[in-house]
Amino acid sequence: MGSYDFDAVLERRSTGSIKWSLPGNDDRWLPYPSEAGSPHAAGLLPMWLADMDFETAPEITAALRQRVDHGVFGYTAYQDSFFEAIVDWTSRRHGWQLQPEWIVPTSGVMPAINLLVQTFTAPGDAVVVQPPVFRPIPQAAELNGRRVQPNPLVISEGRYRMDLADLEAKAADPATTMMVLCNPHNPVGRAWSPQELRAVAAICRDHDVLLVSDEIHGDLTYPWASFTSAGALGGEHPSRLAVCSGPSKAFNLPGLKLSVTIIPDDELRAAFRTTLRNQNELWGANVMGAAALEAAYRHGEDWLQELLAYVAGNLEYVEHFLAARLPPMSLIRPEALYLLWIDCRELGMTSAELDSRLRDAGLWVEPGATYGTEGDGFIRMTIACPRLMLAEAMRRLERAVIGASDD
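Residues numbered from 1 in each chain as written. Predicted model: local features only at pLDDT ≥ 70, side-chain atom pairs only at ≥ 80, totals over all residues. Heavy atoms only, no water.

*Asks:* Kindly report on helix H11 (residues 387-402), identifying the contributing residues and their values.
*Replies:* A rise of 1.5 Å per residue sets the reference length of H11, with its 16 residues, at 22 Å; its end C-alpha atoms lie 22 Å apart and thus fit the reference within 8%. Considered for burial, the residues of H11 that qualify are Met389, Leu390, Ala391, Glu392, Ala393, Met394, Arg396, Leu397, Glu398, Ala400 and Val401. Gly403 occupies a position one or two residues after H11 and carries a positive phi of about 65 degrees. (Helix = DSSP H or I, 4+ residues; strand = E, 2+ residues; numbered from the N terminus. Expected span 1.5 Å × (residues − 1). Buried < 20%, exposed > 50% of the residue type's maximum accessible area, 1.4 Å probe, protein only.)

*Asks:* I'd like to hear about the environment of Cys344, residue by residue, with values.
*Replies:* Among the secondary structure elements, Cys344 is positioned in the loop between strand E14 (339-343) and helix H10 (351-360). With a relative accessible area of 2%, Cys344 lands in the buried category. If near-sequence neighbours (up to four positions away) are discounted, Cys344 is found in contact with Met329, Leu354, Gly377, Phe378 and Ile379. (Contact = heavy atoms within 4.5 Å.)

*Asks:* Explain the nonpolar core residue by residue, including any values.
*Replies:* Phe251 and Leu397 are the most contacted members of the largest nonpolar core, which totals 106 residues. Setting aside anything within four residues of it in sequence, one finds Phe251 in contact with Met52, Thr56, Ile60, Trp89, Ala296, Tyr297, Gly300, Trp303 and Leu304. Ala112, Ile113, Val129 and Cys244 belong to the second largest nonpolar core, which has 27 residues in total. (Core = buried A, V, L, I, M, F, W, Y, C linked by side-chain atoms within 4.5 Å.)

*Asks:* Which residues make up the confidence of the model for the protein chain, and what values do they have?
*Replies:* Considering every residue of the protein chain, the mean pLDDT works out to 93; 95% of them sit at 70 or more. Per-residue pLDDT stays below 50 along residues 36-41; that stretch engages in 16 contacts with residues further than four places along the chain or on separate chains. (pLDDT = per-residue confidence, 0-100.)

Written out as structure tokens, the structure is:
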């Protein structure tokens, strides 16, 4: 048994948790249905959002308590130790030696991607994305008046790969000025290999396309795979590069609203800082987020390793369950992410029909069509939860599909 308890079932209803609330109107979230008993027995079990049902590392909680005990929360600067923690972590975990001045703190990866789109593309420009992909990524283009240039992933024998010939053609379009790469890819779970990344980097460099790499899930790579940052390719990475990262997914800290955007090129970084200043985002630090990041990167590695081992056990549990009891459904085995991409196409249902069946059985997952037409017939399910909760989710999945009993 490890040092940290990932089996504890936490009550998250009525805590402001989006995952454990129901969507209402005007961006409001409604109270979650409350039933007697523990959260895993709730009327609707939420397994849809990339949000863990674990307490974060106690070392982070201790750092936050220490900051709270100080009792002053005025305008705060990011100190040298903040940047040093990021440099040390990125060097140790990912083999990329950053310069501290490359690091620009931002409020989140998706806000950063939106601001990068606004800074480095013009209305009507095309932005390459690779569906099926996390929906807010193409929305960052669409909602800013840019055109989405799809470069769909190709699935073969249960594994996704890039269509590099199509990517070359899309990047060659004079209207294409940016590519947003998802690495590791949400939702399919690929951690792109150095060879794939070099090919992408070469295409972007040859066609003067800014490569934006969303690497927020990079620290959630399983032991049977390895993660390579787009910035860790030595002299082969494109000079026009922005890497978006941070501890929010690996340590479950998105509510603290802090990420980092790494831009090696001085001119690009200055332009991005101008956008941030114009958006009034450079005026001081998120004091709690800064404390949490430093604690995570300096003291959270043991917790993260135990987390990955526990989630890998959850993955194995789901694999065995599907093989034994739901053979029409197959798992696209991930290399990273605590999110599972499950192929349900043999059931012969649309995403909407399957989602309705699952809701009726009390299970809330993400329909695959959320990630583009390429995801129709799939579901995405979060497994960063206690095993007890996961077992209940799988029973509900079985009940939805074949009406099985709860034995």
